[in-house]
Amino acid sequence: MKIAILTSGGDSAGMNAVVRSIVKAGILKGCEMWVVREGYEGLVQGNTEAATSVNDQVKSDDQQPVLQQEGVHPDKQLLHNLRFGDGELLKDGTTEFVGGRTLKGRYIVRVGWDDVRGWFSQGGTLIGTARSMTFKTIEGRTAAAFNLIKEGIDALVVCGGDGSLTGADVFRREWPDLVRSLKDQSRITDKQAEQHAHLKVVGLVGSIDNDMCLTDLTIGAPTALQRICEAIDNINSTAYSHSRAFVIEVMGRDCGWLALMAGVAGGADFIFIPERPPSAQPWEDEMCAEIGRHRKLNKRKTIVIVAEGAHDLDLNPIRAEYIKDVLTERLGLDTRVTTLGHTQRGGRPCALDRILPTLQGVEAVDALIESTTETPSYMIGLHENKVVRVPLMEAVAMTRSVATAVKEKNFDKALELRGAEFKEALDGFHHISQAVDERTRLPEEKRMRIAIIHMGAPAGGMNAATRTAARYCIRQGHTPLAIHNGFRGLLDDNVDTLSWLGVDAWMNRGGSELGTNRALPSIDLGGVASKFQEYGFNAVMLIGGFEGFTALQQLEEGRKHYPAFQIPMVHIPATISNNVPMTEYSLGSDTSLNALVDACDAIKQSASASRNRVFVVETQGGKCGYIAALGGLAVGASLVYTPEHGITLDMLRRDVRFLKTRYALDPQGKSEGRLVIRNESSSKVYTTDMITKMLQEEGGTLFDARSASLGHTLQGGIPSPVDRARAARLSLKCMAFLEQHHEKILKASNGHKSRIAPPESAAIIIIQTSSVKMVPVQEMVQHADMVNRRGKDSWWSGAKDLEEQLVGKPQFLGIH
Ligand code: ATP
């Protein structure tokens, strides 16, 4: 199959990762890969000049892939397979691809394996994007069909927003008519018409707005959110210093996702989004009342976020400048406006915008290969943690209906169409941003004293989860009690009450504001129980890694002996190792992947400057290979070593040979730096130092080797917005869980003083495939590998294989 890929509409971070993964996955499946420069405009323009001799040569028969050919030396096969597909981008030894410098007159270009090397860390789209008016006309699409058929292509991947995906579907539906008309005009032969009777199409959503229905995330949205939160974090300090208000306008067109998530993750005070205009008329009163309450609590800074498409209940636009005037005139605040503009689009993709496009690209190629005339055009989406195929037009139609609902002022419907998570985030934002309001308090008998404790090593999002819980508690009338320095701190009476204002700045703080350590309740279970009693805890929230889970297990078991533990208890997994059983994500795991990506991008740059250097990068993670495997996928590591797979001598021998062959293939003087990621506990014998020395010795004149240990830098400085938003979401769910079980336990006690908490009232909150669940700690134990301190299953184990496929390790090319 010949597959072409194009990027269209507004650019977004992660589009290059899409192209890279599709090109590589396609080649691995034996397809011929092409890119279309400048979006649909490139399809319309086509190739006015003939291919160069190199391209012709690539197309010649003896360049077909040689997979598992008997009697051919493996190295030769590998060389052949990697060379296979080297197209025009490499023809003068450059991967430079800007402005058609080397490709004048050619928009549909054959590409090979090495053409897309190193594309991960680049923002935007290297193959160019455009908005094409011509493609919207039948003449334009006829030209596009002709240009594709001329090159023998009838499979297309489009990465863009809803407009681009609509265009793709229109093109596919019209294709048979276009072919017929080209044949009637004798522009193509009967044979060509027969061979290319159908167009196969698959769409990937590249858009910073996250406005597409039937997918949780669009490619580029997490990076845009990161840019926005970086800006808010920076503005926060100056706003605090001068006690100012800032109105920040963010992109998103008709979608409020960026504004909403930035509001949650950035700890904003008020937001305006198109899907839910302020309910009060005039809205100015509502905003001023809320911000006035904040100021009465002595809050020094105010952050208001306004989506570019925000409007009031009558669809009159709400503009940043006007909000500024209102805040200045009515509340007397020194107010400034910051419009973030295109800074939100650009820059290096965050870890998620490298990993997800890679997984989605692989799925897109599979969808094309499996496509028949009966199957619909698919869009590759994401449902929680699962890459899914959804009917493209259904997703586009649903997305369009949000705009219609807004136009009809049916905001409930608009919100519903955005999905349950969006609505949850909006409710969550109100819980954590709104100041105390007597009306929201629960009746006295339902109020609790909730203890919050951090366990184990610090992880991004711990403070955000605590801030959210504290704010929720105060709003509901509960008392949030902070236990400082873990269970040791509790035994030392290091306990105090958290205040609404006291936690205000915690959203973007890394580390652990409460202080954390690895001490478990078992250091003095009786003492811990008596402190529970003394402080009158009605519920407990533990935030931490494997220790948190173990602590919960001990407390639950302790219920047999200590009535003080007969209360609802919950654990939020928070650890960079992501080693808590059953959950696919822990708080902190996204932050640490981003820290790894930042470090590895810098290391790779240094390694590339030396032309031929391999860096062996050691990661933390204990006996859990999550960060190494996913990190390897996010940085395009050549080799990944994890504790789950271990390291053997055979493995090392094969890996050395792979690196030698790979370096031998690099064009003279154009060798790149390469990365090997090794988890700290992958092997007791084959240490990072030993592997580095071995590579140095074996590399000879081809490459040298150095090592770098990322150590505690992986905890990251400022938590990523994804971790912060996830922390807020999980924390609120945990609060609801505690309230619900507190009530149940009270009811069951029937007025008696002694209470019995059922086993399910001690639970861990987990994220699994498409939902957030509470798993009783007793059940969780069955899924835990207590010796290695990790889960028995690891969903990411495929990531290591996938990464090694995408760097062309021989076994994945059929060579063993
Ligand atoms: P973004 O979300 O960044 O705006 P988008 O894909 O929605 O991305 P659009 O400008 O709407 O951006 O569409 C990009 C291109 O897709 C258009 O310039 C046009 O070439 C093509 N396109 C859009 N709608 C159609 C359509 N109905 N028929 C044919 N082509 C279309």
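Here the residue numbering is sequential within each chain, running from 1 through the sequence in written order. Since the coordinates come from a predicted model, pLDDT governs what is reported: local features require at least 70, and pairs of side-chain atoms require 80 or more to be given and counted, while whole-chain, interface and lining totals use all residues. Each side-chain value is derived from all of the structure's non-hydrogen atoms; neither hydrogens nor water enter the calculation.

A few points about the overall build of the protein chain
For step 1, the next point in the chain: Counting its regular elements, the protein chain contains 26 helices and 24 strands.
For step 2, the next point in the chain: Atoms counted for the radius of gyration: C-alpha only. Globule rule: 2.2 Å times residue count to the power 0.38. The C-alpha radius of gyration of the protein chain comes to 28 Å, within 12% of the 28 Å expected for a compact globule of 816 residues.
For step 3, the next point in the chain: When the backbone C-alpha atoms are referred to their principal axes, the protein chain occupies close to 85 × 70 × 50 Å.
For step 4, the next point in the chain: Here the protein chain holds 816 residues, and the buried ones make up 62% of them.
For step 5, the next point in the chain: We call two residues in contact when some of their heavy atoms are within 4.5 Å. Taking contacts inside the protein chain between residues at least 6 apart in sequence as the whole, the part at least 24 apart equals 79%.
For step 6, the next point in the chain: To be clear on the numbers: accessible area is Shrake-Rupley with a 1.4 Å probe, and residue cover counts the displayed protein chains and nothing else. Accessible surface for the protein chain amounts to roughly 30,300 Å². Of this, 49% is attributable to carbon and sulfur atoms.
For step 7, the next point in the chain: Across the protein chain, 93 positive and 98 negative side-chain charges occur, with their mean positions spaced 2 Å apart. In this description a helix means any DSSP run of H or I spanning at least four residues, a strand means any run of E spanning at least two, and both kinds are numbered starting from the N terminus. To sort residues, take the accessible area from a 1.4 Å probe on protein chains only and compare it with the maximum for the residue type: under 20% means buried, over 50% means exposed, and anything in between is partly exposed. Charge counting treats Lys and Arg as positive and Asp and Glu as negative, with His and both chain ends excluded. For charged residues, the charge sits on one atom: NZ in Lys, CZ in Arg, CG in Asp, CD in Glu.

Side note on the site of the ligand
For step 1, the next point in the chain: Proximity is defined per residue: if any heavy atom of the residue lies within 4 Å of a molecule or strand, that residue is considered near it. Looking at the ligand, there are 17 residues lining it, with Gly10, Arg131, Ser132, Ser164 and Arg253 nearest.
For step 2, the next point in the chain: Between the ligand and Arg131, the relevant distance is 2.7 Å, taken from an oxygen atom to a side-chain nitrogen or oxygen of the residue.
For step 3, the next point in the chain: Distance and chemistry together define a polar contact, namely a pair of N or O atoms within 3.5 Å, with one atom able to donate a hydrogen and the other to accept it when in protein, and with adjacent residues in sequence counting only for side-chain atoms on both sides. Ser164 is positioned with one of its side-chain polar atoms (N or O) 2.4 Å from an oxygen atom of the ligand.
For step 4, the next point in the chain: Considered on its own, the ligand offers 630 Å² of accessible surface; in the complex 86% of this is hidden by protein.
For step 5, the next point in the chain: Take the shell around the ligand: its biggest share by element is 5 residues, from helix α6 (residues 162-184).
For step 6, the next point in the chain: Any residue outside Ala, Val, Leu, Ile, Met, Phe, Trp, Tyr, Cys, Pro, Asp, Glu, Lys and Arg is labelled polar, Gly included; the first ten of those are nonpolar and the last four are charged. For the shell around the ligand, the per-class residue count stands at 2 nonpolar, 10 polar and 5 charged.

Observations regarding the sheet that holds strand β6 (residues 245-250)
For step 1, the next point in the chain: DSSP bridges decide pairing: two strands pair if at least two such bridges lie between them. As summarised here, the arrangement of the 4 strands in space is β7-β8-β6-β9, forming an open sheet in which the pairing is parallel. Both edges of this open sheet fall to β7 (270-272) and β9 (335-339), since each of them pairs with a single strand only. Recorded for the sheet is a direction-independent mean angle of 15° between the axes of neighbouring strands.
For step 2, the next point in the chain: Across 3 bridges, β7 lies against strand β8 (residues 302-307) in parallel orientation. Paired with Phe272 across the bridge in β8 is Val306. Simply put, an axis is a line fit to the C-alpha atoms, just over the touching stretch for a helix, and the angle between two N-to-C directions goes from 0 to 180 degrees.

Considering the sheet that holds strand β22 (residues 771-776)
For step 1, the next point in the chain: Strand order across the open sheet formed by 7 strands is β14-β13-β12-β15-β16-β21-β22, with mixed pairing between neighbours. This sheet does not close on itself; its edge strands, each paired only once, are β14 (495-497) and β22. Each adjacent strand pair in this sheet contributes to an overall mean axis angle of 25°, direction not counted.
For step 2, the next point in the chain: Contacts from helix α24 (residues 721-749) reach β12 (449-455), β15 (539-544), β16 (569-573), β21 (762-768) and β22 within the one sheet, and its direction differs from that of β16 by about 170°.

A closer look at the nonpolar core
For step 1, the next point in the chain: Within the largest apolar cluster, 142 residues are counted, with the highest numbers of intra-cluster contacts made by Ile22, Leu204, Trp257, Leu260, Ile305 and Met541.
For step 2, the next point in the chain: Residue contributions to this core peak at 10 residues, all from α24.
For step 3, the next point in the chain: Non-local contacts of Leu204, meaning those with residues more than four positions away in its chain, are made with Val18, Ile22, Val157, Val158, Cys159, Gly160, Leu165, Ile219, Gln360, Gly361, Ala364 and Ile380. Each nonpolar core is a collection of buried residues, namely Ala, Val, Leu, Ile, Met, Phe, Trp, Tyr and Cys, held together in the definition by side-chain atoms within 4.5 Å.

So, the pattern of salt bridges
Pairing is possible between side chains that carry opposite charge, provided their charged atoms lie close to one another.
For step 1, the next point in the chain: Note on definitions: salt bridges are taken to be side-chain nitrogens of Lys or Arg within 4 Å of carboxyl oxygens of Asp or Glu. Evaluated as defined, the whole model comprises 45 salt bridges.
For step 2, the next point in the chain: The residue Asp334 makes a salt bridge to Arg244 at a minimum N-O spacing of 2.9 Å. Linking Asp334 in the loop between α11 (320-331) and β9 with Arg244 in the loop between α8 (221-242) and β6, this pair joins segments that are 90 residues apart in sequence.
For step 3, the next point in the chain: The closest approach of N and O atoms between Asp314 and Lys409, which form a salt bridge, is 3.7 Å. Placement of Asp314 in the loop between β8 and α11 and of Lys409 in the loop between α13 (392-407) and α14 (411-418) is noted, with a sequence separation of 95 residues between them.
For step 4, the next point in the chain: Each member of the salt-bridge network shares a partner with another, and the members are Asp269, Lys299, Lys301, Arg467, Arg471 and Asp504.

Overview of the packing of helix α22 (residues 649-665) against helix α23 (residues 688-699)
For step 1, the next point in the chain: It is the contact of α22 with α23, at a shortest axis distance of 11 Å, that shows an interaxial angle of 45°. Taken together, the axes of α22 and α23 lie oblique to each other. Where α22 crosses over α23, the two elements pack in a sense that is right-handed. Counting all contacts with α22, which are made through Leu652, Val656, Leu659 and Lys660, the residues of α23 involved are Ile691, Met694, Leu695 and Glu698.
For step 2, the next point in the chain: Counted by class, the contact of α22 with α23 contains 6 nonpolar, no polar and 2 charged residues. Under this scheme an angle from 65 to 115 degrees is roughly perpendicular, one under 35 degrees roughly parallel, and one over 145 degrees roughly antiparallel; angles in between are oblique. Handedness of a helix crossing follows the sense of rotation of the near helix relative to the far helix, less than a right angle counterclockwise being left-handed and clockwise being right-handed.

Points about the confidence of the model for the protein chain
For step 1, the next point in the chain: Known as pLDDT, the predictor's confidence for each residue is given on a scale from 0 to 100. Per-residue pLDDT for the protein chain has a mean of 88; in total, 91% of the residues score no lower than 70.
For step 2, the next point in the chain: For the stretch residues 77-81, pLDDT sits under 50, and the model shows 22 contacts to residues farther than four places along the chain or on other chains.
For step 3, the next point in the chain: Between residues 83-102, whose pLDDT stays under 50, and residues either more than four places distant or in other chains, the model counts 61 contacts.
For step 4, the next point in the chain: Here the prediction assigns the complex a pTM of 0.92, and the interface score ipTM is 0.97.

What to know about the packing of aromatic side chains
For step 1, the next point in the chain: Pairing of aromatic side chains here covers Phe, Tyr and the six-membered ring of Trp, requires ring centres within 6.5 Å, and sorts the geometry by plane angle: under 30 degrees stacked, over 60 edge-to-face, intermediate tilted. Tallied over the entire structure, the rule returns 12 aromatic pairs.
For step 2, the next point in the chain: Geometrically, the ring pair formed by Phe532 and Phe537 is edge-to-face, given 5.2 Å between the ring centres and 75° between the ring planes. Accessibility classification places Phe532 together with Phe537 in one group, the buried group.
For step 3, the next point in the chain: Here the aromatic residues Phe532, Tyr535, Phe537, Tyr562 and Phe565 are joined through ring pairs into a cluster of three or more.
For step 4, the next point in the chain: Directly above the ring of Tyr107 sits Arg37, whose terminal nitrogen or CZ lies 5.0 Å from the centroid.
For step 5, the next point in the chain: When the ring centre of Tyr585 is taken as reference, the NZ or CZ atom of Arg726 above it lies at 4.1 Å. By definition, being over a ring means that NZ of Lys or CZ of Arg is both within 6 Å of the ring centre and within 35 degrees of the ring normal.

Regarding unusual backbone geometry
For step 1, the next point in the chain: A positive phi is found at Leu214, a non-glycine position, where the angle reads about 65°.
For step 2, the next point in the chain: Within the fold, Leu214 resides in the loop between β5 (200-205) and α8.
For step 3, the next point in the chain: Phi at Ser243 takes a positive value of approximately 55°, unusual for a residue other than glycine.
For step 4, the next point in the chain: Within the secondary structure, Ser243 is located in the loop between α8 and β6.
For step 5, the next point in the chain: Accessibility expressed as a relative area gives 25% for Ser243, which makes it partly exposed.

Here we look at the pairing of β12
Remember that side chains alternate between the two faces of the sheet whenever the strand is regular.
For step 1, the next point in the chain: β12 sits mainly inside the fold: 6 of its 7 residues count as buried.
For step 2, the next point in the chain: Across 5 bridges, the pairing between β12 and strand β13 (residues 479-483) is parallel. Bridging across to β13, Ile452 finds its partner in Ala482.
For step 3, the next point in the chain: Handedness rule for crossovers: strands pointing away from the viewer, path from the first strand over the helix to the second running clockwise, crossover right-handed. Note that the unit made of β12, helix α16 (residues 462-476) and β13 has a crossover that is right-handed.

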